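The primary structure of each chain is shown beneath.
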Amino acid sequence: MSLDDAIETVLQKVLRRIRPTEEERAFVEGLMRELEEIARETIEDLGLDVKPYFVGSLAKDTYLAGDHDVDLFLAFPLDTPLEELREEGLRLGKAIAERLDSHEVAYAEHPYVRATYRGVKVDLVPCYDVESWRDVRTAVDRSILHTKWVNEHLNGRNDDVRLLKRFLKGINAYGSEVYVRGFSGYLAEILVIKYGSFLKVLENSDFILRQKVIDPAGWLRREPEPAMKTVKRETEEDKPLIVIDPVDPRRNVAANLSWEKYGRFYFKAHQFLENPSEEFFFPETRKSGSYLAELRRKGTHLVTLVFKVQELVDDLLLPQLERSARGFERALSREGFNVLGWNVGRSSGKAFIMLEVDRRERERVKIKPGPEFFTERGWDFYRKNGKVWLIGKRLYAEKRVKESILEVIEELLKKNAVALGKGIRENVKRAEIVLDYVPKELEDEAYLFLAREKWSLKEQ
Ligand SMILES: Nc1ccn([C@@H]2O[C@H](COP(=O)(O)OP(=O)(O)OP(=O)(O)O)[C@@H](O)[C@H]2O)c(=O)n1
Ligand SMILES: [Mg+2]
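Being a predicted model, the structure only gives us computed values, none of them experimental.

With that settled, the discussion passes to unusual backbone geometry. The backbone phi angle of Ser-348 is positive, close to 35°, even though this residue is not glycine. The residue Ser-348 is located in the loop between strand E9 (339–347) and strand E10 (350–357) in this model. Not every positive phi belongs to a glycine, and Asp-436 is a case in point at roughly 50°. Under the relative-accessibility criterion, Asp-436 is labelled buried at 18%.

Shown next as structure tokens:
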């Protein structure tokens, strides 16, 4: 079988798993019709002038089978004051959600309602009814424009988007959340539109990087108007990619994409094209092994801090954990410990920070004052210590003391000498700190970290 055929076979197999079936489609469409009806009725009952819009991958038909969360946006007229949009938006969201199965309020730039209906998550998000980027006032306003732009330009390549999204998920590079810094769904859509297909996007993984600026709507070729500041290239120069949002020249769609995640895409794209397999899309469950054996193999040590955190969502918690881990890295290196790597996360209600270090204790020389030299105790001191000297009539000696890294960390925390994430400072200070041992539920995590399995670019 030729390589092209092999690739095609794999893609067909993957598509069978990620393309929604007719039943799922019918269910989703029925759900959307019902929700729209409920929304319209509620809007009328409340006497509001609001338009409901579906956005996100459902509205673009780029959702993966089994993954069909609904984004229902409630678009207020542009002349609505921001305060009113927040209040009325929340009130409307709650009124709609009352007629669904369950709901809670979630907090982003503005509060919005998260409901469930027939087992599906439904976000009810207030926004402005914008027609162009000039009208955009809140972070979510562009979504309506994105949906429209993608639907106008995708030309039936919906399955290519599905393949790319699944590939990115499989290689652990999907999601634009701050703690992922990978590819967003919208970025995947733009790449497919720009390069023509899933395979073309993969084939262009080098070129995309060299091209650096992708401008699908041709903003840079247009006559600039005063309000149209395009994405600043200088300030984004250390980003792998600048994708000027086709619906808003001021925004880089790839602003959250990190070098690490682009790098994963780059290597995995090359590997897939040479050696295609379903594994890239659906990796086997991660390897496991003994973290203790890994510590012995490497001759390094593992410090783990485990502590309770309140109801912080991942979006807030993970960046704070990362900041704290970097704080430990700096503080410990000032104290003579080399931090080879760190890993943070959350597991069964607790947060953890893992630090891999080169030693478990440090030796320091302390100066020990002794007694006067011409006494009994003076002779004792003289015999017991290696290096001794006099200052005046008093003996002094050098003393080597060992301090364990745990003592050093406790000392640093007591002195507030570690830069910690603001919202979790007190929690970290009360952490349980363990050395070369982790609680049962973190054993796998510790192995994956120490073996760098979590980040590995190559299968071995
Ligand atoms: N970094 C991001 C994240 C989201 N969005 C907007 O929010 C919408 C919904 O976001 P999300 O659910 O993350 O993406 P989907 O396209 O729905 O993809 P998925 O299948 O992963 O849900 C996107 O269409 C896009 O307009 C965005 O512009 N930039
Ligand atoms: Mg979505």
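After that view, the rundown keeps rolling.
A few words on the sheet that holds E9. Spatial strand order, E9-E10-E8-E14: four strands in an open sheet with antiparallel pairing. At either margin of the open sheet sits one strand with a lone partner, and together these are E9 and strand E14 (432–435). The average angle at which neighbouring strand axes cross in this sheet is 15°, direction not considered. By the bridge criterion, eight bridges tie strand E8 (residues 301–308) to E10 in an arrangement that is antiparallel. If you follow Val-306 over to E10, its bridge partner there is Phe-352.

Right, let's get into the domain arrangement of the protein chain. By a frequent convention, interface size equals the accessible area lost on bringing the separate parts together. Entries for the protein chain in the domain assignment read domain 1 (17–139), domain 2 (154–280) and domain 3 (291–360 + 405–455). At the junction of the two partners, domain 1 supplies 15 residues and domain 2 supplies 19 residues. Carbon and sulfur atoms make up 50% of the surface buried where domain 1 meets domain 2, a total of about 1400 Å² over both sides. Applying the counting criterion to the domain 1 and domain 2 interface returns five salt bridges. With its nearest N and O atoms 2.9 Å apart, the salt bridge here joins Lys-60 to Glu-189. Here domain 1 and domain 2 share 11 residue pairs in polar contact (both at pLDDT 80 or more) between them.

Turning our attention to the site of ligand 1. Around ligand 1, the neighbouring residues are Gly-56, Ser-57, Lys-60, Asp-71, Ser-143, His-146, Lys-165, Tyr-174, Ser-176 and Arg-251. In the environment of ligand 1, a nitrogen atom lies 3.0 Å from a nitrogen or oxygen atom belonging to the side chain of Arg-251. Burial of ligand 1 by the protein chains amounts to 72% of its free accessible area of 570 Å². Looking at the shell around ligand 1, the elements that each hand over two or more residues are helix H3 (56–60) and helix H5 (142–153). In terms of residues, the shell around ligand 1 owes the most to one element, H3, which gives three residues. Class assignment for the residues of the shell around ligand 1 results in one nonpolar, five polar and four charged. Summarising the domain contributions, the shell around ligand 1 has at least three residues from each of domain 1 (17–139) and domain 2 (154–280).

This part takes up the pairing of strand E12 (residues 388–391). Of the pairings in the sheet, the one linking E12 to strand E13 (residues 394–404) comprises four bridges and is antiparallel in character. By the bridge assignment for E13, Leu-390 is matched with Leu-395. The turn joining E12 and E13, which pair antiparallel and follow one another in sequence, is formed by two residues; a positive phi near 65° is taken by Gly-392.

Time to look at the nonpolar core. Ranked by internal contacts, the top residues of the largest apolar core, which has 75 residues, are Leu-164, Phe-265, Phe-272 and Phe-281. Tallying contributions element by element places helix H7 (residues 185–195) first for this core, with eight residues. The residue makeup of this core includes at least three contributed by each of domain 1 (17–139) and domain 2 (154–280). Non-local contacts of Phe-281, meaning those with residues more than four positions away in its chain, are made with Val-10, Leu-11, Val-14, Leu-163, Arg-166, Phe-167, Gly-170, Phe-198 and Phe-272. Grouped together as the second largest cluster of nonpolar side chains are 30 residues, Leu-305, Leu-332, Val-344 and Ile-405 included.

The rules we used
- Residues numbered from 1 in each chain as written.
- Chains lettered and ligands numbered in written order.
- Predicted model: local features only at pLDDT ≥ 70, side-chain atom pairs only at ≥ 80, totals over all residues.
- Heavy atoms only, no water.
- Helix = DSSP H or I, 4+ residues; strand = E, 2+ residues; numbered from the N terminus.
- Buried < 20%, exposed > 50% of the residue type's maximum accessible area, 1.4 Å probe, protein only.
- Pairing = 2+ DSSP bridges.
- Axes fitted to C-alpha atoms, helices over the stretch in contact; angles between N-to-C directions.
- Domains from an automatic or database assignment.
- Contact = heavy atoms within 4.5 Å.
- Buried area = accessible area lost by both parts, 1.4 Å probe.
- Salt bridge = Lys/Arg side-chain N within 4 Å of Asp/Glu carboxyl O.
- Polar contact = N/O pair within 3.5 Å; in protein donor to acceptor, adjacent residues only side chain to side chain.
- Near = heavy atom within 4 Å.
- Areas by Shrake-Rupley, 256 points an atom, 1.4 Å probe, with all protein chains shown as cover.
- Nonpolar A, V, L, I, M, F, W, Y, C, P; charged D, E, K, R; others polar.
- Core = buried A, V, L, I, M, F, W, Y, C linked by side-chain atoms within 4.5 Å.

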